[in-house]
Amino acid sequence: MELNSKIPDGSLDQKWTKYKGNVRLVNPANKRSIDVIVVGTGLAGASAAASLAEMGYSVKALCFQDSPRRAHSIAAQGGINAAKNYMNDGDSTYRLFYDTIKGGDYRSREANVHRLAEVSANIIDQCVAQGVPFARDYGGLLDNRSFGGTQVSRTFYAKGQTGQQLLLGAYSALSRQIGKGTVEMLNRHEMLDVVIVDGKARGIIARNLVTGELERHSAHAVVLCTGGYGNVFFLSTNAMGSNVTAAWRAHKRGAAFGNPCFTQIHPTCIPVSGDHQSKLTLMSESLRNDGRIWVPKHKEDVEAIRAKRLKPQDIPEDRRDYYLERRYPAFGNLVPRDIASRAAKERCDEGFGVNATGEAVYLDFSSAIIRYGKAQANVKGIHNATDQQIIELGTKVVEQKYGNLFQMYEQIVAENPYTTPMMIYPAVHYTMGGLWVDYELMTSVPGLYACGEANFSDHGANRLGASALMQGLADGYFVLPYTIGNYLADEIRTGKISTQSPEFEEAEKNVRKQIDSLLNNNGTEPVDHYHRRLGKVMWNECGMARTEKGLKWAIAEIQQIRKEFYANARVPNQSLYMNTELAKALRVADFIDLGELMCWDALNRNESCGGHFREEYQTEDGEALRDDENFKYVSAWEWSGDPSAPKLNKEELIYENIKVQQRSYK
């Protein structure tokens, strides 16, 4: 497999401008005769489908939910980054570019990241025009707050529901095109294969999740916007329906899979409470703006808290270890997610975890409440305000900024976070790996594109907070609409793609064969049994910390899980109609194969970088130790036909505009 990143020539800040000025175009009259399929209708998919339809293409959009409004993008809480420098604190396009490269531990492609930083400001203008209710300051201007890995405030937000508001904006744009008839919306449909004709993606095989029928859909190009694969760990912050099937089936048809082991562990999640759980809940990184993270300094206090003899608010300041502020004074509680997560794990591994399982730290807002309360007392002219008045005034400010997040926490944990510090612990959240794409967002299969979290392109080994929404909307609104034309310019004479070709027949036959095999397996164990087993292996051996020994064991164990799954997995309902267990079985089969590839990738990368932490490769003070001489590349894995024998291809990463150096947030 030859990897051509198609990075344009010229200076970094002119690459995108020159590309747009010279890219081939499709005549508006010709766009009406070109079909594009968009799979997934989250932020990337909805914005891509709406934009392509507005441009004149004939678009067919699919989602497995009952409505595009239920895409997992809705769960993003804290905000979206953009280099507009509204706070006059020195932000710029270059600084956003640099923070992203550094935050990803120098494992992302310069040209793609700079383009992302360039178009970030346009995203905000677009969303404001759509009516997205971003927070505003006293003067009416859009407000900003800080996120991890930066020293500026560039994150635009809508309380703690930014993803929901942005998705409603994109959904409105999509709905307009559905109403015009330029987008055919297929809800409750799941893509199960990509159809390749003469080396080009020419359509998909999809399953109607209501009737169970298999459908053939043809197009001149296919765009995958199907999100990440965090649910390979079973427990994650992802929606339970989030899966890797579309991307994995594309991989098996020839699309390289880039950096699969680069997964992000989010430091501020509600801790696991028991084996009954099927997912975890994220508490927004925005909380780290005002919340301070700590554990007790002394183990006798830890034991007293676990035994409920002592409350955390009763521990005085001099007996608290604000370990992020201690270890990383320049960034404090706003270090990048991978660093904050490992620091929490280190404290808990040393015996300072504060819940019954020993896997939780505190996120405390008492200092912020006092600080805001004193400021509000001055504003209101309340001199000599009492402690109670200060607390009441400060609580109202915190409630205005984070109220819905606090409500969510209290409903789940049954504790008031205004008076008792939140308990948090790292959990699987985002996947930086994904289908390998070039500068045009095309995979290694011509005509097959991947946008948003489904591709690998922009974040390297770790994603900065508030950059997922930025990438999804950048790809859908401002990148793909330009780049896809460069490919489709050659398709104006192709004509309608037939679904009666041997390639469609063969693809549908293969999907039907797998479905029949699972339905008639007559096994005894439910599908979740194997998913949970896989998740525990992945979390323990390919999660926050990895070792050569553990990864080799994990590969062998996953191979055994696969064997048992196909021999003994049970799909209790033999009907095709509304068979949710069948849909789950198909997804878990792909997770098993992906899990093994993730372990191969982690085993191959003999270094630590970002979210990939090999215990054998760390500095004296426990930080990630990269090997730039041997591993400064994108690992682009090729399907060989055997999940236990993947083929590795490498895209070397070249940095011409920044100095590659050891990350430091101290």
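Because the structure is predicted, anything quoted here is derived from the model rather than measured.

Before we go on, may I ask you to explain the overall build of the protein chain in this structure?
Secondary structure summary: the protein chain contains 18 helices and 21 strands in total. Taken against the 2.2 N^0.38 rule, which gives 26 Å for 666 residues, the C-alpha radius of gyration of the protein chain at 25 Å falls within 12% of a compact globule. The dimensions of the protein chain, computed from C-alpha atoms along their principal axes, are 80 × 55 × 50 Å. Going through the 666 residues of the protein chain one by one, you find that 59% of them count as buried. By sequence separation, contacts in the protein chain at least 24 residues apart represent 74% of the contacts at least 6 residues apart. A total accessible area of about 25,300 Å² is found for the protein chain, and carbon and sulfur atoms account for 47% of it. Averaging the coordinates of the 78 positive side-chain charges in the protein chain and doing the same for the 80 negative ones gives two points 3 Å apart.

What should I look at first to understand the packing of aromatic side chains in this one?
The description of an aromatic ring pair uses the distance of the two centres, along with the angle that the planes make with each other. Within the structure shown, the criterion is met by 23 aromatic pairs. Taking the centre distance of 5.7 Å and the plane angle of 80 degrees together, the rings of W16 and Y482 count as edge-to-face. Of the two residues, W16 sits in helix α1 (residues 15-22) while Y482 sits in helix α13 (residues 468-488), which places them 466 residues apart along the sequence. Between F365 and Y402, the aromatic rings sit 6.0 Å apart at their centres with planes inclined by 55 degrees, giving tilted as the arrangement.

Explanation requested: the pattern of salt bridges in the structure shown.
For side chains bearing opposite charge, pairing can occur when the charged atoms are close. As enumerated under the stated definition, the model contains 53 salt bridges in all. We note a salt bridge from D628 to R107, for which the minimum N-O separation is 2.9 Å. Here D628, found in helix α18 (residues 628-631), pairs with R107, found in the loop between α4 (93-103) and α5 (110-130); they are 521 residues apart in sequence, far enough to count as distant. Classification of R107 as buried rests on a relative accessible area of 1%. Here D593 makes a salt bridge to R562, at a shortest N to O gap of 2.9 Å. You can see D593 sitting in helix α17 (residues 580-604) and its partner R562 sitting in helix α16 (residues 548-568), a full 31 residues away along the chain. Just as D593 is buried, R562 falls in that class too.

Looking at this structure, I do not really get helix α11 (residues 366-379). What am I missing?
Given 3.6 residues to a turn, an α-helix orients residues that are three or four positions apart in the same direction. For α11, spanning 14 residues, the distance from its first C-alpha to its last is 20 Å, which sits close to the expected 20 Å at 1.5 Å a residue. For α11, the complete set of buried residues consists of A368, I369, Y372, G373 and A377. End-on view of α11: buried residues confined to an arc of 160 degrees, all on one side of the axis. On its buried face, α11 is in contact with α12 (387-413).

I would appreciate a short explanation of the nonpolar core in the present structure.
One broad trend across soluble globular proteins is that nonpolar side chains are buried collectively. In this structure, I80 and F565 are the most contacted members of the largest nonpolar core, which totals 192 residues. For this core, the element with the most residues is α17, which contributes 13 residues. Each of domain 1 (268-428) and domain 2 (500-635) gives at least three residues to this core. In this structure, F565 is in contact with L518, N521, V527, Y530, A585, V588, A589 and I592, ignoring residues within four places of it in sequence. Core analysis: the next-biggest nonpolar cluster, separate from the first, contains six residues, L235, C269, L280 and L282 among them.

Looking at this structure, how should I read the domain arrangement of the protein chain?
How big an interface is tends to be stated in terms of the accessible area lost upon association of its parts. As assigned here, the protein chain comprises domain 1 (268-428) and domain 2 (500-635). Of note, the centres of domain 1 and domain 2, computed from C-alpha atoms alone, are 34 Å apart. Considering only the surface of domain 1 that becomes buried against domain 2, D275, R342 and K345 emerge as the three largest contributors, covering 49% of it. Here domain 1 and domain 2 share one salt bridge between them. Measuring nitrogen to oxygen at the nearest pair gives 3.3 Å for the salt bridge that ties R327 to E623.

Is there a simple way to think about the pairing of strand β9 (residues 221-224) in this case?
In summary, the side chains of a regular strand alternate between the two faces of the sheet. Judged by which residues are buried, β9 turns out to be covered on both faces: A221 and V223 on one side and V222 and L224 on the other are all buried. As judged from the four bridges shared by strand β1 (residues 35-39) and β9, these two strands associate in the parallel manner. Paired with V39 across the two strands is L224, which belongs to β9.

Just checking my understanding: could you explain the sheet that holds strand β21 (residues 647-652) for this structure?
Two orientations exist for strands paired in a sheet by backbone hydrogen bonds: parallel and antiparallel. Ordered by their spatial adjacency, four strands build an open sheet running β16-β10-β20-β21, and the pairing between neighbours is antiparallel. Single-partner strands in this sheet number two, and they are β16 (434-435) and β21. Here strand β10 (residues 257-258) pairs with strand β20 (residues 633-638) via two bridges, running antiparallel. If you follow G258 over to β20, its bridge partner there is A636. Contacts from α17 reach β10, β20 and β21 within the one sheet, and its direction differs from that of β20 by about 140 degrees.

Honestly, the environment of S444 in this entry has me stumped. Any pointers?
With respect to the helices and strands, S444 occurs in the loop between β16 and β17 (448-450). Along the chain, S444 and F257 lie 187 residues apart, while their C-alpha atoms are 9.3 Å from each other. What S444 contacts, discounting residues up to four positions off in sequence, is M1, G254, A255, A256 and W436. A polar side-chain atom of S444 sits 3.0 Å from the main-chain carbonyl oxygen of G254. One polar contact links the side chain of S444 to the main-chain amide nitrogen of A256, over a distance of 2.8 Å.

It is not clear to me how the sheet that holds strand β15 (residues 422-431) should be interpreted in this structure. Could you clarify?
The strand order β11-β15-β14-β12-β13 describes an open sheet built from five strands, whose pairing is antiparallel. Across the chains shown, the open sheet's two edge strands, defined by having one partner strand only, are β11 (263-269) and β13 (320-321). When strand β12 (residues 292-296) meets strand β14 (residues 361-364), the two strands line up antiparallel, connected through three bridges. Bridging across to β14, R292 finds its partner in D364.

Explanation requested: the side chain of E491 in the structure shown.
As for its placement among the helices and strands, E491 is situated in the loop between α13 and α14 (502-519). Separated by 2.7 Å, the side chains of E491 and T494 make a polar contact.

Mind showing me how you'd approach the pairing of β1 here?
Within β1, five of the five residues are buried, leaving the element largely enclosed by the surrounding structure. Residue alternation in β1 divides its side chains into two sets, D35, I37 and V39 and V36 and V38, and both sets are buried. Here five bridges tie β1 to strand β2 (residues 58-62), and the two strands are oriented parallel to one another. The partner of V36 across the bridge, within β2, is V59. Taken together, β1, helix α3 (residues 43-55) and β2 constitute a β-α-β crossover, and its handedness is right-handed.

Could you clarify how one ought to interpret unusual backbone geometry in this entry?
It is generally the case that most residues other than glycine have a negative phi and that most peptide bonds are trans. Of note, the phi angle at N88 is positive, near 55 degrees, even though the residue is not glycine. Topologically, N88 is positioned in the loop between β3 (80-81) and α4. Of note in the backbone geometry, N384 takes a positive phi value of approximately 55 degrees without being a glycine. By the element assignment, N384 lies in the loop between α11 and α12.

Explain α5 to me, please; I cannot follow it from the model alone.
The end-to-end C-alpha separation of α5 is 31 Å, in line with the 30 Å expected for 21 residues at 1.5 Å each. Along α5, the largest kink reaches about 35 degrees and is centred on V119.

Calculation notes
Residues numbered from 1 in each chain as written. Predicted model: local features only at pLDDT ≥ 70, side-chain atom pairs only at ≥ 80, totals over all residues. Heavy atoms only, no water. Helix = DSSP H or I, 4+ residues; strand = E, 2+ residues; numbered from the N terminus. Rg over C-alpha atoms; globule rule 2.2 N^0.38 Å. Buried < 20%, exposed > 50% of the residue type's maximum accessible area, 1.4 Å probe, protein only. Contact = heavy atoms within 4.5 Å. Areas by Shrake-Rupley, 256 points an atom, 1.4 Å probe, with all protein chains shown as cover. Lys, Arg positive; Asp, Glu negative; His and termini not counted. Charge placed at Lys NZ, Arg CZ, Asp CG, Glu CD. Phe/Tyr/Trp six-rings, centres within 6.5 Å; stacked < 30°, edge-to-face > 60°. Salt bridge = Lys/Arg side-chain N within 4 Å of Asp/Glu carboxyl O. Expected span 1.5 Å × (residues − 1). Arc of directions from axis to C-beta. Core = buried A, V, L, I, M, F, W, Y, C linked by side-chain atoms within 4.5 Å. Domains from an automatic or database assignment. Buried area = accessible area lost by both parts, 1.4 Å probe. Pairing = 2+ DSSP bridges. Axes fitted to C-alpha atoms, helices over the stretch in contact; angles between N-to-C directions. Polar contact = N/O pair within 3.5 Å; in protein donor to acceptor, adjacent residues only side chain to side chain. Right-handed = clockwise from strand over helix to strand, strands pointing away. Bend = angle between axes of the 7 residues up to and from the residue.

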